[in-house]
Amino acid sequence: MAFAKEPPHTHGQPQRTGILLCNLGTPEAPTPAALRRYLGQFLSDPRVVEIPKALWWLILHGFILRRRPKASAAKYASIWRPEGSPLKVWTAKQAVLLRGYLGERGHAVEVRYAMRYGQPAIADQLDALKAAGCTRILVLPAYPQYCAATTASVYDMVFQWGQKTRTLPEFRFINHYHDDPGYIEALKTAVLKHWSTHGRPDRLVMSFHGMPERTLHLGDPYHCECHKTGRLLAEALGLEKAQYLVTFQSRFGRAKWLEPYTEPSLIALARQGVERVDVICPGFSSDCIETLEEIDQEARQAFLDAGGKVFHYIPCLNDSAEGMRALADLCERHLAGWPTRTPPDADAGQRTRERALAMGATV
Ligand SMILES: C=CC1=C(C)c2cc3[nH]c(cc4nc(cc5[nH]c(cc1n2)c(C)c5CCC(=O)O)C(CCC(=O)O)=C4C)c(C)c3C=C
Ligand SMILES: [Fe+2]
Ligand SMILES: [Fe+2]
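Residues numbered from 1 in each chain as written. Chains lettered and ligands numbered in written order. Predicted model: local features only at pLDDT ≥ 70, side-chain atom pairs only at ≥ 80, totals over all residues.

**Quick word on the packing of helix H6 (residues 181-198) against helix H11 (residues 321-334)**
Okay, so step 1: It is the contact of H6 with H11, at a shortest axis distance of 8 Å, that shows an interaxial angle of 180°. Taken together, H6 and H11 sit at an angle that is classed as roughly antiparallel. For the pair H6 and H11, contact is made by Gly182, Tyr183, Glu185, Ala186, Thr189 and Ala190 and by Glu322, Gly323, Arg325, Ala326, Asp329 and Leu330, respectively.
Okay, so step 2: Taken together, the residues that form the contact of H6 with H11 break down as five nonpolar, three polar and four charged. (Axes fitted to C-alpha atoms, helices over the stretch in contact; angles between N-to-C directions. Helix = DSSP H or I, 4+ residues; strand = E, 2+ residues; numbered from the N terminus. Parallel < 35°, antiparallel > 145°, perpendicular 65-115°, else oblique. Contact = placed C-beta atoms within 7 Å. Nonpolar A, V, L, I, M, F, W, Y, C, P; charged D, E, K, R; others polar.)

**What to know about the site of ligand 1**
Okay, so step 1: Around ligand 1, the structure places 23 residues, and the nearest of them are Thr26, Ser72, Cys147, Cys288 and Ile289.
Okay, so step 2: Sorting the residues of the shell around ligand 1 by element identifies helix H2 (53-79), helix H5 (148-162) and helix H10 (289-305) as the ones contributing at least two each.
Okay, so step 3: The residue inventory of the shell around ligand 1, partitioned by class, reads 14 nonpolar, seven polar and two charged.
Okay, so step 4: Shared between two domains, the shell around ligand 1 holds at least three residues of each, these being domain 1 (16-177 + 321-358) and domain 2 (181-314). (Near = placed C-beta within 6 Å. Domains from an automatic or database assignment.)

**Observations regarding the sheet that holds strand E7 (residues 276-280)**
Okay, so step 1: Strand order in the open sheet made by the four strands is E6-E5-E7-E8, with parallel pairing throughout. The outermost strands of the open sheet, each flanked by one partner alone, are strand E6 (244-249) and strand E8 (310-314). Averaged over all pairs of adjacent strands, the angle between their axes in this sheet comes to 25°, without regard to strand direction.
Okay, so step 2: Where helix H8 (residues 222-237) meets the sheet, it contacts strand E5 (203-209) and E6, and its direction lies at approximately 150° from that of E6. (Pairing = 2+ DSSP bridges.)

**What about the domain arrangement of the protein?**
Okay, so step 1: Examined at the domain level, the protein breaks down into domain 1 (16-177 + 321-358) and domain 2 (181-314).
Okay, so step 2: If you average the C-alpha positions of domain 1 and of domain 2, the two centres end up 24 Å apart.
Okay, so step 3: Taken residue by residue, the interface counts 25 residues in domain 1 and 24 residues in domain 2.
Okay, so step 4: Where the side of domain 1 that touches domain 2 is concerned, the elements lending two or more residues are H2, helix H3 (86-104), H5 and H11.
Okay, so step 5: Counting residues per element, the side of domain 1 that touches domain 2 draws most heavily on H11, at six residues.
Okay, so step 6: Considered class by class, the residues forming the side of domain 1 that touches domain 2 number 14 nonpolar, seven polar and four charged.

**Observations concerning the sheet that holds strand E2 (residues 109-117)**
Okay, so step 1: Judged by pairing direction, the sheet is parallel, and its four strands sit side by side in the order E2-E1-E3-E4 without closing on themselves. Each edge of the open sheet carries a strand with a single partner, namely E2 and strand E4 (170-173). Neighbour-to-neighbour, the strand axes of this sheet turn through a mean angle of 25°, independent of strand direction.
Okay, so step 2: In this sheet, E2 lies alongside strand E1 (residues 16-25) in parallel orientation, the contact comprising eight bridges. Bridged to Gly25 within E2 is Tyr117.
Okay, so step 3: Packed on one face of the sheet, H3 meets E1 and E2 and runs near 160° to E2.

**Things to note about the UniProt feature "binding site: Fe(2+)" (unreviewed entry) in the protein**
Okay, so step 1: If you check UniProt for "binding site: Fe(2+)" (unreviewed entry), the listed places come out as His209 and Glu290 in our numbering. A maximum C-alpha distance of 8.0 Å among these annotated residues, which run over 82 residues, shows that they cluster at one spot.
Okay, so step 2: With respect to the helices and strands, His209 occurs in strand E5.
Okay, so step 3: Residue His209 is classed as buried on the basis of its C-beta count, with 27 C-beta atoms lying within 10 Å.
Okay, so step 4: Within the element layout of this structure, Glu290 appears in helix H10.
Okay, so step 5: Beyond its immediate stretch of four places on either side in the chain, Glu290 contacts His209, Gln249, Ser250 and Phe284. (UniProt positions renumbered as here; feature names shortened; annotations may be inferred. Buried ≥ 20, exposed ≤ 12 C-beta atoms within 10 Å, placed from the backbone.)

**Concerning H6**
Okay, so step 1: If you check H6, its first and last C-alpha atoms are 25 Å apart, about what 18 residues at 1.5 Å a residue would give, namely 26 Å.
Okay, so step 2: Every buried residue of H6 is accounted for by Tyr183, Ile184, Ala186, Leu187, Ala190 and Val191. On an axial view of H6, the arc spanned by its buried residues comes to 165°, and they lie on one face. Turned more than 90 degrees away from the buried face of H6, the exposed residues are Pro181, Leu192 and Ser196. (Expected span 1.5 Å × (residues − 1). Arc of directions from axis to C-beta.)

**Notes on unusual backbone geometry**
Okay, so step 1: Omega for the bond connecting Gln119 with Pro120 falls within 30 degrees of zero, at -10°, which places this linkage in the cis form.
Okay, so step 2: Glu259 connects to Pro260 through a cis peptide bond whose omega is 0°.
Okay, so step 3: Mapped onto the elements of the fold, Pro260 is located in the loop between E6 and helix H9 (262-271).
Okay, so step 4: Located in the positive-phi region is Ser250, a residue other than glycine, with phi close to 65°.

**Observations concerning the nonpolar core**
Okay, so step 1: Core analysis: the biggest nonpolar cluster contains 86 residues, and Ile19, Leu20, Leu21, Cys22, Leu98 and Leu140 have the highest contact counts within it.
Okay, so step 2: By residue number, the principal contributor to this core is H3, which donates 10 residues.
Okay, so step 3: Two domains each put at least three residues into this core: domain 1 (16-177 + 321-358) and domain 2 (181-314).
Okay, so step 4: Discounting residues that sit within four places of it in the chain, Cys22 has contacts with Ala114, Arg116, Ile122, Val139, Leu140, Pro141, Ala142 and Val154. (Core = buried A, V, L, I, M, F, W, Y, C linked by C-beta atoms within 7 Å.)

**Thoughts on the pairing of E4**
Okay, so step 1: In this sheet, E4 lies alongside strand E3 (residues 134-141) in parallel orientation, the contact comprising four bridges. Bridge pairing in E4 places Ile137 opposite Phe171.
Okay, so step 2: Between the parallel pair E3 and E4, the chain is carried across by H5, and the sense of this crossover is right-handed. (Right-handed = clockwise from strand over helix to strand, strands pointing away.)

This is the structure we're talking about:
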């Protein structure tokens, strides 16, 4: 294998620090063709679908990629924004804001975002960070709970890039932050803000993305970490066990996934006479198809059709000041020992915030 040519090493080159915020990925457009490309790449990742390659290839190309792109495109069209897919719009804003928050604290860091599937690709953004003089890179997967399908898959991509690179930067990885006090506090604030205007529900449903149940038995910590997040958030809110529920959404295929499933749980609550539910999705760092369409549209309808009266969806942390502060704190701790400090440049932070505001951020 040939390594790409790099500029010759010279002493005294600038040694900068970069952060790469990595999210899942999203189609480039809400069209069947773009969905086919996106789903084709996503669902070919052996970290995501763990069944023998030849058999899965037949199922994926013979069935799934024939029907799902069209159905999914219609769902994406219902949540699409003028600037693009919500997942990408939020992730891009978070990267800009993270640089601003860290800049205000006196850390001079380059922050870029990347998508595990689609654009901007992790490899391209690592090249860009390297070209900008970053010799230290902190990788922040945008997933609070560790899961092999998501977190480890981001690492795979970074390692793949590393295998083709001669002069590797020093890497650090944030494995998870499911029990980080700042993250729990940010979720608590989001819920309390919602309740201060809308009052309290009969139940708070915390819905996390699902996984095949066998991955739990194979040792994936994801299920446990979702429950820990749920418990810590409930404790922070002073909720009793009967006042909240941890559920799993987005089941894919026929295998058993983690239970209880979100939508059937909501239907059961409605049938039990629970009038109002609030749903929050703490596993998603930004709103996306899974929250905006599956929860705020489909699950809402299912709850109301089953006799429920009031359904509130509490948005993800997105670009909220609380969420950004939690991410900045988390990064700051993981940057410890790296020479990122410059004299505090409040103006740089302010300029970055202005850029984020120009992009429509709400902070
Ligand atoms: C086998 C299939 C899937 C596994 C396993 C899976 C795990 C998983 N996914 C997320 C986060 C997201 N998933 C999103 C979309 C999405 N997920 C799957 C399938 C699996 N996910 C599909 C097919 C899709 C696309 C939408 C659809 O066609 O239904 C998204 C949103 C992307 C967006 O563009 O908005 C996120 C985020 C986690 C955290 C996870 C395991 C823990
Ligand atoms: Fe998913
Ligand atoms: Fe979904």
